[in-house]
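# Working through the structure, step by step
Residues per chain are reported as follows:
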Amino acid sequence: MQDMISGGLAALPRPVAAVLGGGGVLGAAHVGVGHALERRGFVPDLIVGTSVGALTGAIAAAHPASAAARLDEVWIHLRRREVFPLGYLSSRASLFSDRGLRRLIAGAELPARIDDLPIPFTAVAMDLASGAEVRLDCGDLESALLASSAIPGVLPPVARDDRTLVDGGLIAYVPVRAAYAVGAASVLVLSTGPASWPLPTATPRRRAGAIASRAAVLQVHHQIESDLRDVSQHIPTVVLPTGVDKWPAPWDFGHSQRLITTAMATAERFLEELAVDGPGLYRADPDTEPSKARVETGTSQ
């Protein structure tokens, strides 16, 4: 299958890692981009995911020949109450139980251990004690996915290997550094979401919620940019566009079909023009309409 890869994807040095970031409903955009990649005969050599990207990535790693179609079914029928079930307080450590996520994982036909996935897979979490990035690439798969998705205060932290782990998005919203660390020679980033570059200048209303929200977006934006630019100095780093300009709230799964369809069409057009020539950051031109995405040439530094 890999011999049939078309366009710029064929020029990517091996192994190629598919990198999936966090952001709740952003996982639907991952699926749309996945459809575009599958249509070009592409299967990644490695998959690295954070938070919802870990769950999506694990399903893709388990079913490399039919990942997009399986994920399409999952996301189109997914609802908030299935992930964040009201009325089931876990403990004093979180607002919600993780029973919804456990059901979702159980229904995804995944192996019990990361080591048994057909494609090498890494879930990224954060050590709540030290703040260190934790790469989970072997052992129990369910606990790895629960740990990577454990939004602090919302879902319960996970005890694993004598550590208390929480959502990896706090330290690696788009885990390209982890992909480079585990041996990727190039990376494909599947959706960085509304906090991605370029970030428009805006002054929030002088209300606590608006100010906190703007500060959080800026923090995530700077983390993403720093990680992308650092890794792109060493290996080709391709950010696949989604074409989505109106993102729903992270917990609003009712927009999944729109996100999947838009991301698939936009990523396909981008891939038609992709030309990779050495290390650098390759992404859509910010001055071009999403429907006419062009490649920003490599910017190795």
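It should be noted that the structure appears before, not after, this text.
I will try to describe carefully the structure that is included in this document. (Residues numbered from 1 in each chain as written. Predicted model: local features only at pLDDT ≥ 70, side-chain atom pairs only at ≥ 80, totals over all residues. Heavy atoms only, no water.)

### Examining the pattern of salt bridges
Tallied over the full model, the rule gives twelve salt bridges. A salt bridge links arginine 102 to glutamate 142; the shortest N-O distance between them is 3.1 Å. Here the residue arginine 102 occupies a position in helix H5 (residues 99-106), and glutamate 142 occupies one in helix H6 (residues 141-148), the gap between them amounting to 40 residues. When its relative accessible area of 36% is taken as the criterion, arginine 102 is described as partly exposed. Residue class for glutamate 142 comes out partly exposed when judged on its relative accessible area of 30%. (Salt bridge = Lys/Arg side-chain N within 4 Å of Asp/Glu carboxyl O. Helix = DSSP H or I, 4+ residues; strand = E, 2+ residues; numbered from the N terminus. Buried < 20%, exposed > 50% of the residue type's maximum accessible area, 1.4 Å probe, protein only.)

### Brief notes about the nonpolar core
Among the nonpolar cores identified, the biggest contains 63 residues, and Phe121 and Leu188 are the most heavily contacted of them. The leading source of residues in this core is helix H2 (residues 52-62), at eight residues. If near-sequence neighbours (up to four positions away) are discounted, leucine 188 is found in contact with Leu9, Leu12, Val16, Ala17, Ala18, Val19, Leu37, Phe42, Val238 and Leu240. Core analysis: the next-biggest nonpolar cluster, separate from the first, contains 21 residues, Val176, Ala179, Leu228 and Val231 among them. (Core = buried A, V, L, I, M, F, W, Y, C linked by side-chain atoms within 4.5 Å. Contact = heavy atoms within 4.5 Å.)

### Some points on the side chain of serine 143
Position of serine 143 relative to the elements: it lies in helix H6. We classify serine 143 as buried; its relative accessible area is 16%. Side-chain polar atoms of serine 143 contact the side chain of arginine 160, separated by 2.7 Å. Beyond its immediate chain neighbours, meaning those up to four positions away, serine 143 contacts Val158 and Arg160. (Polar contact = N/O pair within 3.5 Å; in protein donor to acceptor, adjacent residues only side chain to side chain.)

### Examining the pairing of strand S7 (residues 186-190)
For a regular strand, side chains alternate in direction, first toward one face of the sheet and then toward the other. Most of S7 is tucked away, with five of its five residues classed as buried. Burial along S7 is two-sided: the residues Ser186, Leu188 and Leu190 and Val187 and Val189 are all buried. Examined bridge by bridge, strand S1 (residues 16-20) and S7 share five bridges and lie parallel to one another. Considered in S7, the bridge of valine 19 is made with valine 189. Sheet topology places S7 next to strand S8 (residues 236-240); four bridges connect them, and they run parallel. Note that in S8 the partner of leucine 188 across the bridge is valine 238. (Pairing = 2+ DSSP bridges.)

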